[in-house]
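# Summary of the model geometry
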Amino acid sequence: MRKNPNSNHRSQEKVTIITIKKTCDEEGSTTSRALPAVVVAAIPLTVDFAVNRTVAALRKETALYTAVWSGFKADDNFYCPNDNSSALQEIIIERYAGSLRDEPAFIAKLAVRQSHDGFAFQLIPIAVKINRTKAKLRQNDDDIDVNIHIQIEALYSNNEKIINLDIGRLDIPLRGLELGKEWRQNTPYSVASQWFPAVPVSSSQDSGRTGTGNYVIKVTVEEYDDFGKRVNQISDVLFENKKHLQDFLQPD
């Protein structure tokens, strides 16, 4: 079967994750505010994401996607050092196939939105453009569905030990992306990820806060051409495992 010439590009793959941050006031700010209590206390947050982890595991076992690629970035300074505001403003995901001199085969720009109470964040896709897919498409097929999975981990010290914490597993599904044409949000937050908690910061017994938030962003992008069938498969599995999920979430 003849393929779309802008599909099935797999050679010399390179994935980059770029974090865009605002310029922090190194001399401090007159509008300084306290970090949310959960950040300082570093309360274990993994229980809140038990459902997401279970669903992710089931998805891996049941859904057969056409193409998958991934990348990660380890970074710090999630917060500004003096005024405690969020420094991370945007995440850019790029995939190259072939020459790095060419424009990206895939590029997605995600804005970081903070909740009004400062406790939580979510990722908002601003713009996505796919010039060449890793998945194979038929000759006259110019659109593809994409699921962007993002895992966020934090590394911090609570004055007793170093803790590596899984604080969020997020999904951004995008349907019917046309090759070579940029997709943009048409209404505020019409497509957005789930919320994830504020990144914990390190602390010491004497001086309190000593860090600005160390974190790792792990991205997995799934490209496929049969969105409805995949979603139905996942829904069927979740329904069949409903009792298992309920038991999983029951407190001991």
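Residues numbered from 1 in each chain as written. Predicted model: local features only at pLDDT ≥ 70, side-chain atom pairs only at ≥ 80, totals over all residues. Heavy atoms only, no water.

### Overview of the pattern of salt bridges
- Counted according to the given criterion, the structure contains 6 salt bridges.
- The residue Lys 134 makes a salt bridge to Glu 13 at a minimum N-O spacing of 3.3 Å. Here the residue Lys 134 occupies a position in the loop between β5 (120-130) and β6 (143-157), and Glu 13 occupies one in the segment before β1 (14-21), the gap between them amounting to 121 residues.
- The class for Lys 134 is buried, based on a relative accessible area of 12%. (Salt bridge = Lys/Arg side-chain N within 4 Å of Asp/Glu carboxyl O. Helix = DSSP H or I, 4+ residues; strand = E, 2+ residues; numbered from the N terminus. Buried < 20%, exposed > 50% of the residue type's maximum accessible area, 1.4 Å probe, protein only.)

### Brief notes about a negative patch on the surface
- A cluster of acidic residues, Asp 142, Asp 143, Glu 178 and Asp 225, forms a negative patch at the surface.
- Tracing the sequence through the fold places Asp 225 in the loop between β12 (214-224) and α3 (227-240).
- Asp 225 gets classed as partly exposed once you look at its relative accessible area, which sits at 30%. (Patch = residues over 30% accessible without salt bridge, like charges linked within 9 Å, V, L, I, M, F, W, Y side chains within 5 Å. Areas by Shrake-Rupley, 256 points an atom, 1.4 Å probe, with all protein chains shown as cover. Lys, Arg positive; Asp, Glu negative; His and termini not counted. Charge placed at Lys NZ, Arg CZ, Asp CG, Glu CD.)

### Some details on the pairing of strand β3 (residues 88-96)
- Across the 9 residues that make up β3, a large majority, 8, are buried.
- Where β1 meets β3, 8 bridges bridge the pair, whose relative direction is antiparallel. Within the sheet, the bridge partner assigned to Ile 20 lies in β3 and is Glu 90. (Pairing = 2+ DSSP bridges.)

### Comments concerning the sheet that holds β6
- With antiparallel pairing, 4 strands are arranged side by side in an open sheet as β2-β12-β6-β7. Of all strands in the sheet, those bounded by a partner on one side alone are β2 (67-75) and β7 (162-178). Pairs of neighbouring strands in the sheet enclose a mean axial angle of 15 degrees, with direction left out of account.
- With 14 bridges connecting them, β6 and β7 associate as antiparallel partners. (Axes fitted to C-alpha atoms, helices over the stretch in contact; angles between N-to-C directions.)

### Description of the environment of Asn 84
- If you trace the backbone, Asn 84 turns up in the loop between β2 and β3.
- Taking the C-alpha atoms as reference points, Asn 84 and Cys 24, separated by 60 residues in sequence, lie 9.6 Å from one another.

### What to know about the environment of Phe 78
- Topologically, Phe 78 is positioned in the loop between β2 and β3.
- Judged by its relative accessible area of 2%, Phe 78 is buried.
- C-alpha of Phe 78 to C-alpha of Val 199: the two residues are 121 residues apart in sequence and 7.4 Å apart in space.
- Contact partners of Phe 78, with chain neighbours within four places excluded, come to Ser 85, Ser 86, Ala 87, Leu 88, Phe 121, Phe 196, Val 199, Thr 212, Gly 213 and Tyr 215. (Contact = heavy atoms within 4.5 Å.)

### Some details on the confidence of the model for the protein
- Predicted confidence across the protein gives a mean pLDDT of 77, with 70% of residues reaching 70 or more.
- Counted against residues more than four places away or in other chains, residues 27-33, with its pLDDT under 50, gives 10 contacts. (pLDDT = per-residue confidence, 0-100.)

### Some remarks on unusual backbone geometry
- Unlike most non-glycine residues, Gln 12 shows phi in positive territory, near 50 degrees.
- Mapping Gln 12 onto the fold places it in the segment before β1.

### Here's the deal with the packing of aromatic side chains
- If you walk through the whole model with that rule in mind, you get 5 aromatic pairs.
- Consider the rings of Phe 78 and Tyr 79, whose centres lie 5.0 Å apart with planes at 75 degrees: the pair is edge-to-face.
- Here Phe 78 and Tyr 215 contribute two aromatic rings whose centre-to-centre distance is 5.4 Å and whose plane-to-plane angle is 85 degrees, an arrangement assigned as edge-to-face. Of this pair, Phe 78 sits in the loop between β2 and β3 while Tyr 215 sits in strand β12, and the two are 137 residues apart along the sequence. (Phe/Tyr/Trp six-rings, centres within 6.5 Å; stacked < 30°, edge-to-face > 60°.)

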